[in-house]
Structure formats: C-alpha cells, structure tokens
Amino acid sequence: MKEKDVYAELSSIRNLMERSSKFISLSGLAGVLAGIYALAGAGLGYVFVKNISTLEGAESYLNEPMIFWPLFMIALAVLVCSIVTACWLTIIKARSRGESVWNPVSRRLLTATGVPLVTGGLFIIILLMKGEYDLIASGCLIFYGLALFSGSHYTYVDIKWLGIFQILLGLLALVVPVYGLILWAIGFGILHIVYGSIMHIKYER
Amino acid sequence: MKISLEHFDKAFENRLRLQIMSVLTVNESYDFNSLKDLLHVTDGNLASHLKALEKEVYISVFKSFVGRKPNTQYSATQKGKEAFKKHLQALENLIRQQK
C-alpha cells in the first residue's frame with residue numbers, strides 16, 4: 001500500500017459516510033422559487049383582502065366566505081406549486097449526480113419532516129374549522145420550522161438554522177398576530193430566497 | 001514505500017468491505033439493494049463480502065419480507081464498529097508518521 005492509496009482510501013471512506021447518511025440532492029433553486037411563490041401569494045392575498053374588505057375592523061374579515069375561500073385557494077396553490085417544484089428539481093439534481101431519489105436517507109428525511117408537517121397541517125385545519133384565524137400564520141411557521149429542524153440531520157446542516165429562524169418568526173407571530181401575514185411572508189418568502197441562494201452558491205457551483 | 005500492516009484488520013483488506021463498514025457505522029441500518037446502488041457493485045460481489053463481515057461478527061443481518069420481496073437489513077455490531085475505528089486510526093497514524 002502506498003501513501004497515495006491511503007489518502008484515497010480515507011477520502012473515499014469520508015465521502016461514502018457523507019453520501020450514505022445525508023441526502024444532498026436537495027435543490028437550492030427550489031428554495032428560491034418556493035420563496036417567490038410565497039411572496040407572490042402573500043402579495044395577491046393582501047391586495048385581494050384590501051380590495052374587498054370594507055375596512056370595518058380587520059379582525060372579522062376572514063369570517064366572510066367571499067374572502068376566506070380565495071385566500072385558502074391562494075395558500076393551497078402556493079403549497080402545491082412549491083412541492084411540485086421541489087420534487088421536480090430534486091429528481092433532476094439526483095439524476096445528474098447519478099443517484100437514486102428513493103434511498104434509505106431520503107426515506108428517513110421524509111419521515112423526520114413528515115411527522116411535524118402532518119401534525120402542523122392537521123393543527124391548521126382544526127384551527128380553520130374552529131375559526132381561530134389568528135394562530136394560523138404562527139402555526140404554519142412553527143410546525144414548518146420544527147420539520148426543517150428535525151429533517152436537518154439527514155441533509156445539509158444549513159437547514160437547521162433555517163428551521164430555527166422559522167420557529168422564531170412563528171413565535172413572534174404568536175405575540176403580534178396583527179403582523180401574521182407579514183411575518184409569514186418573511187419566513188416563507190424572504191428566508192426561502194435567502195437560504196436557497198446560499199445553498200445554490202455554496203453547493204451547486 | 002511499503003508500510004507495516006500489523007495494526008491493519010485483515011477483514012478490511014478488501015476495499016468493498018471497508019466501504020460497507022463505513023456506510024454501516026454512520027447509518028443505523030442499510031438494506032441490500034440500497035447498498036448495491038450506493039456502491040455500484042454486483043449482487044454476487046456484495047453478497048460474498050457481506051458474508052465475510054457477518055462471519056467476523058462485524059455486522060448483523062436481519063431478514064424480513066416487504067410484501068413478497070425479501071428485504072435484508074444490515075447493521076454494524078459493536079465489535080464491528082470498534083474494529084473499523086481501530087483500522088481508521090491505523091490509517092491516520094500512518095499518514096501522520098510519514099509527514
């Protein structure tokens with residue numbers, strides 16, 4: 001065995017440990033696009049509410065079905081577009097790296113993020129049914145942040161910080177629900193764009 | 001230059017076995033097909049080296065079925081993890097000595 005071989009051996013071991021335990025085909029661009037969708041959605045929602053509401057106290061406007069359903073559809077569209085984009089770009093990236101998308105690490109990543117995400121989704125649906133609209137923005141942010149945090153063990157560490165920031169924004173939205181929409185737009189829009197760009201520059205070039 | 005092999009584990013002389021161990025030390029368990037995809041090796045090659053590691057009691061095997069397909073999970077034993085760590089240490093010491 002030559003010295004050169006020992007180096008090669010060690011670096012191949014390190015590489016394998018990394019590759020087998022972390023899912024690194026996540027796309028930074030998907031984050032940027034999700035952020036743009038979220039900002040567009042929040043902007044659209046804001047304009048819509050402003051045009052329709054008769055300025056009789058902002059607290060009760062969501063009780064109007066005329067306003068509630070369009071907002072709900074906008075939020076759903078943002079969610080669906082983000083998920084589709086993320087899956088699509090991830091599959092492309094994994095293929096170009098010659099890796100399969102469906103492997104033990106991606107399964108673990110999905111389980112780790114799935115539990116908080118599904119809990120959060122149900123939590124929000126229950127809030128909607130009870131008409132507790134104040135808590136929705138903070139609920140989205142907090143559960144999403146928890147999902148990112150728990151998933152970060154199986155992918156880039158940067159995701160952990162994104163999760164922590166989302167949780168902090170969520171708690172802030174709980175303190176001042178009036179700014180819920182703005183904080184939601186910062187969390188899902190601006191933070192996604194910032195983090196997506198960082199990941200793209202750091203890992204994809 | 002040639003180096004002494006006294007601290008090196010015979011079981012890890014083969015590259016593939018070392019690779020298998022490095023995957024299993026950082027993951028709780030890994031199944032046969034995923035290992036095959038990850039390491040880009042053939043069924044027979046992988047199976048024979050897994051057998052060898054199993055014989056040393058460096059890995060443990062858990063067989064089950066997912067639907068009708070057999071699903072075999074492998075995980076590193078305590079003994080295997082220690083042996084792997086020692087082997088890595090030996091490799092690193094070697095580099096340090098030569099500097």
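Scroll up a little and you will see the structure.
Quick caveat: nothing in here was measured; it's all calculated off a predicted structure.

Looking now at the sheet that holds strand 3 (residues 69-76) of chain B. All names here are of chain B. If you trace the 3 strands from one edge of the open sheet to the other, you get 1-3-2, paired in antiparallel fashion. With partners counted over all chains shown, the strands left at the sheet margins are strand 1 (30-31) and strand 2 (59-66), one partner each. Strand direction decides the pairing type here: strand 1 and strand 3, joined by 2 bridges, are antiparallel. Each bridged residue has a counterpart across the sheet, and for Asp31 the counterpart in strand 3 is Gln73.

Moving on, we get to helix 1 (residues 3-21) of chain A. In this model, helix 1 of chain A (19 residues) spans 28 Å end to end at C-alpha, consistent with the 27 Å of a helix rising 1.5 Å per residue. Along helix 1 of chain A, the positions that sit buried rather than exposed are Val6, Glu9, Leu10, Ser12, Ile13, Leu16, Met17, Ser20 and Ser21 of chain A. Relative to the axis of helix 1 of chain A, the buried residues are bounded by an arc of 165° and lie together on one face. Summarising the geometry of helix 1 of chain A, the exposed residues directed more than 90 degrees from the buried face are Lys4 and Arg14 of chain A. Structurally, helix 1 of chain A contributes buried residues whose contacts are with helix 4 (104-130) of chain A together with helix 1 (15-26), strand 1, helix 2 (32-39) and helix 4 (78-98) of chain B.

As a general feature of sheets, a regular strand has side chains that alternate between the two faces. Residues and elements named next belong to chain B. Two elements, strand 2 and strand 3, share 8 bridges in a ladder whose sense is antiparallel. Bridge pairing links Val66 to Lys69 in strand 3. In this antiparallel pair of consecutive strands, strand 2 and strand 3, the connection spans 2 residues, and Gly67 shows a positive phi of 65°.

Criteria and thresholds
- Residues numbered from 1 in each chain as written.
- Chains lettered and ligands numbered in written order.
- Predicted model: local features only at pLDDT ≥ 70, side-chain atom pairs only at ≥ 80, totals over all residues.
- Heavy atoms only, no water.
- Pairing = 2+ DSSP bridges.
- Helix = DSSP H or I, 4+ residues; strand = E, 2+ residues; numbered from the N terminus.
- Expected span 1.5 Å × (residues − 1).
- Buried < 20%, exposed > 50% of the residue type's maximum accessible area, 1.4 Å probe, protein only.
- Arc of directions from axis to C-beta.
- Contact = heavy atoms within 4.5 Å.

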